[in-house]
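Residue strings, one per chain:
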Amino acid sequence: MTGQLPKIICILGATGTGKTDLALFLAKKIDISVINFDSRQVYKELPIVTAQPGVEEQSVCPHYLYGFLTIREKISAGEFVSLASDLIWREWKRGRVPVLVGGTGLYLRSLLYGLAPIPPVSDSVRKEVKQKCEKDGPEKLYQELEKIDSEYARKIHARDRQRIIRALEVYLGTGVTISNWHKRHKPELKFLALKVGLSYNLDDLTKRLDARIDKMIALGAVEEVENAYKVYKDETLPGFSGIGCPEIIAYLKGEITFEQARKMWLKNTRAYAKRQITWFKKEDDIFWLREAEMELVRDRVNNFLGS
């Protein structure tokens with residue numbers, strides 16, 4: 001398998017659409033390795049609330065980039081690309097088909113086409129933005145970002161501390177918005193990819209997300225976040241920014257009731273899924289199917305790998 005770009009399969013779509021199930025279906029047909037490209041499933045203390053594949057699921061085939069960071073740590077798109085690229089080449093040379101599974105569109109785009117060449121930002125600017133975020137909170141900085149770069153703001157959550165800080169420091173440090181840096185980037189294909197998307201209309205997906213939250217609660221999501229919060233005691237840490245954590249922490253602190261936390265959890269998850277759907281719908285090279293149509297992907301995969 002040398003002498004050419006590796007062929008990879010990318011299983012993508014909104015949260016809760018059944019991407020892991022499709023990957024495990026493929027594992028029964030071909031020799032694959034699964035590589036995560038979901039920015040929340042990297043945290044080892046939060047496997048339930050971030051819906052990471054379980055031990056039994058991960059035993060079906062090799063799984064990588066799940067649960068390898070502590071809540072204190074964060075991973076940039078550039079760091080993800082470096083890790084994932086190394087894994088793709090290694091698994092491809094071993095004769096396995098790398099299967100990327102996740103819903104963080106920026107990670108996948110950066111992996112396939114490279115990163116925008118944004119100049120380094122000075123430490124003083126980075127420190128200034130970080131301190132402002134710690135003082136005023138991410139929501140306040142998000143409002144600033146909406147005025148500066150509304151295009152990028154629409155793609156991220158109002159509490160996504162890491163990306164909000166990055167966007168503002170890029171603008172303050174370079175005088176150019178992060179959206180414009182991305183537009184200046186000339187893509188260069190790094191891997192040959194078959195993109196398979198799992199699709200649901202938002203109403204049906206909302207019902208699935210509602211049921212999934214109940215399942216997470218039954219599996220111990222609240223206790224998982226509580227135990228992690230007792231250890232780290234800082235809700236502003238990167239790992240706690242993912243949907244589910246702020247809502248549960250607010251409940252644990254007595255700021256809201258359990259029912260209010262659950263309602264907010266579902267509302268925020270639905271909003272996130274909507275943003276993911278919008279992101280992926282802009283791409284015209286995705287083979288879309290529903291979970292019940294998994295058999296349809298087999299011929300497409302075989303033709304792609306045999307071409």
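Our structure's up above, just so we're on the same page.
Rules behind the numbers
Residues numbered from 1 in each chain as written. Predicted model: local features only at pLDDT ≥ 70, side-chain atom pairs only at ≥ 80, totals over all residues. Heavy atoms only, no water. Salt bridge = Lys/Arg side-chain N within 4 Å of Asp/Glu carboxyl O. Buried < 20%, exposed > 50% of the residue type's maximum accessible area, 1.4 Å probe, protein only. Helix = DSSP H or I, 4+ residues; strand = E, 2+ residues; numbered from the N terminus. Contact = heavy atoms within 4.5 Å.

Novice: For this particular structure, what's the right way to read the pattern of salt bridges?
Specialist: Where side chains of opposite charge bring their charged atoms close, a pairing between them can arise. Applying the stated criterion across every chain, the model contains 17 salt bridges. In this structure, the salt-bridge partner of Arg 90 is Glu 91, at a minimum N-O distance of 3.1 Å. For Glu 91, a relative accessible area of 0% puts it in the buried group. Asp 160 is the partner of Arg 163 in a salt bridge, and the nearest nitrogen-oxygen pair spans 2.8 Å. One exposure class covers both Arg 163 and Asp 160, and it is buried.

Novice: How do you make sense of the environment of Ala 273 when you look at a structure like this?
Specialist: Tracing the backbone shows Ala 273 in helix α13 (residues 258-281). Between the C-alpha atom of Ala 273 and that of Tyr 142, which follows or precedes it by 131 residues, the distance is 19 Å. In contact with Ala 273, not counting residues within four places along its chain, are Ala 14, Thr 15, Leu 205 and Leu 209.

Novice: How should the side chain of Ser 110 be read in this particular structure?
Specialist: Tracing the backbone shows Ser 110 in helix α4 (residues 105-113). According to the relative accessible area criterion, Ser 110 is buried, its value standing at 5%. Among all residues touching Ser 110, those that are not within four sequence positions of it are Ala 77, Val 81 and Leu 115.

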